[in-house]
Amino acid sequence: MTHQAHRLPIPPGRRRITSRAELEQVAFDLFDRQGFEHTTVDDIASAAGIGRRTFFRYFASKNEVPWGDFDAELARMRRQLAATPPAAPLMDAIRQAIVDFNAMPAEQWPAHRRRMAFILGVPALQAHSTLRFAAWRQVIADFAAQRTGQRPDALLPRTIAHAMLGVAVAGYEQWLASPGDDLCELLDSAIRALGSAFTSAGTSSGE
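Just so you know, the residues in each chain are numbered from 1, in the order the chain's sequence is written. With the structure being a predicted model, the display of local features is reserved for residues of pLDDT at least 70 and the display and counting of side-chain atom pairs for 80 or more, all residues being used for whole-chain, interface and lining totals. Side-chain descriptors were evaluated using all non-hydrogen atoms of the structure, hydrogens and water having been removed beforehand.

When you go through the protein chain residue by residue, the secondary structure sums to 9 helices and 0 strands. Counting helices and strands in the order they occur from the N terminus, the protein chain gives α-α-α-α-α-α-α-α-α. By the burial criterion, 40% of the 207 residues in the protein chain qualify as buried. Taking the intrachain contacts of the protein chain between residues at least 6 apart in sequence as the baseline, contacts between residues at least 24 apart amount to 69%. Helix numbers and strand numbers start at the N terminus; a helix is a DSSP run of H or I with at least 4 residues, a strand a run of E with at least 2. We call a residue buried when its accessible area falls under 20% of the maximum for its residue type, exposed when it is over 50%, and partly exposed in between, using a 1.4 Å probe and counting protein chains only. The contact rule is simple, with two residues in contact once any of their heavy atoms fall within 4.5 Å.

Following this line, the structure appears as structure tokens:
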């Protein structure tokens with residue numbers, strides 16, 4: 001059977017997709033059924049009842065679909081860090097921002113678990129994920145640099161950013177492997193443990 005046989009035209013009477021979130025779910029269903037690599041933009045657009053040009057109004061590429069509106073979420077985390085009181089310890093501020101970044105209503109957890117399974121488990125997405133992870137680290141590095149009086153590309157801010165990303169990825173891997181675990185609790189406890197090392201290095205204050 002050829003790949004063309006797997007295309008899913010919109011059923012008669014089904015309304016066309018009108019939001020980014022709806023388009024994501026159509027794409028995720030196809031990724032589950034056909035595999036990420038074997039699903040094309042045309043497949044997604046056809047199943048959603050839209051044209052290719054409309055798809056690209058929502059996402060720049062197929063690789064962007066699992067990431068949702070990631071840029072907006074990064075901007076939100078940057079704003080939260082910028083609003084942190086100067087007296088708040090550096091690692092406490094980062095920990096709270098990361099936990100809040102990943103917090104969501106309980107009804108959204110199944111969809112988010114599905115999203116992260118694609119991001120962390122699909123080899124074809126890894127190169128694109130590297131770019132997204134770099135943008136995430138930059139938010140952390142910029143804040144750590146501001147607090148420590150160093151450049152964002154200096155060793156300490158970069159180390160903190162890489163370490164925090166490692167904690168976040170490890171927390172997600174644990175959460176995906178153990179559905180009963182609470183993601184935010186995993187992240188909170190792991191960052192507290194790791195943060196003590198940076199605190200002892202003198203980065204706990206805004207100086």
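There is more to say, and it comes next.
Our next topic: the side chain of Arg 132. When you line up the elements, Arg 132 lands in helix 7 (residues 126-148). Throughout this description, a polar contact denotes any pair of N or O atoms lying within 3.5 Å of each other; where both atoms belong to protein, one of them has to be capable of donating a hydrogen while the other can accept it, and for residues adjacent in sequence the pair is counted only when both atoms sit in side chains. A polar atom in the side chain of Arg 132 sits 2.7 Å from the side chain of Asp 71. Once residues lying within four places of it in the same chain are set aside, the contact partners of Arg 132 are Glu 64, Trp 67, Phe 70 and Asp 71.

Our next topic: the confidence of the model for the protein chain. Confidence of the predictor at the level of single residues is captured by pLDDT, which takes values from 0 to 100. Of the residues in the protein chain, 86% have a pLDDT of 70 or more, and the chain-wide mean is 88. Contacts for the low-pLDDT stretch residues 1-14, under 50 throughout, to residues beyond four places or in other chains number 23 contacts. The model gives residues 201-207 a pLDDT under 50, and that stretch makes 14 contacts with residues more than four places away or in other chains.

Here we take up the pattern of salt bridges. Salt-bridge detection follows one rule: a side-chain nitrogen of Lys or Arg within 4 Å of a carboxyl oxygen of Asp or Glu. Using the criterion set out here, one finds 12 salt bridges in the structure. We note a salt bridge from Asp 71 to Arg 132, for which the minimum N-O separation is 2.7 Å. Within this pair, whereas Asp 71 is found in helix 4 (residues 70-82), its partner Arg 132 is found in helix 7, the two being separated by 61 residues in sequence. Here Arg 76 and Glu 73 are joined by a salt bridge, their closest N and O atoms 2.6 Å apart. Of the two residues, Arg 76 and Glu 73 are both situated in helix 4; the distance of 3 residues between them amounts to about one turn of the helix. Note on Glu 73: relative accessible area 30%, which makes it partly exposed.

As a further point, take the packing of helix 1 (residues 20-34) against helix 2 (residues 41-48). Only C-alpha atoms enter the line fits that serve as axes; for helices the fit covers just the stretch in contact. Angles between N-to-C directions range over 0 to 180 degrees. Interhelical geometry of helix 1 versus helix 2 gives an angle of 120 degrees and a closest axis separation of 9 Å. Here helix 1 lies oblique to helix 2, going by the angle between them. The handedness of the crossing between helix 1 and helix 2 comes out as right-handed. Between helix 1 and helix 2, the residues in contact are Leu 23, Val 26, Ala 27, Leu 30, Phe 31 and Gln 34 and Asp 43, Ile 44, Ala 47 and Ala 48, respectively. Comment on the angle field: the value is read as roughly parallel under 35 degrees, roughly antiparallel over 145, roughly perpendicular from 65 to 115, and oblique elsewhere. Working rule for handedness: look at the near helix, and if it is turned counterclockwise from the far one by less than a right angle, call the crossing left-handed; if clockwise, right-handed.

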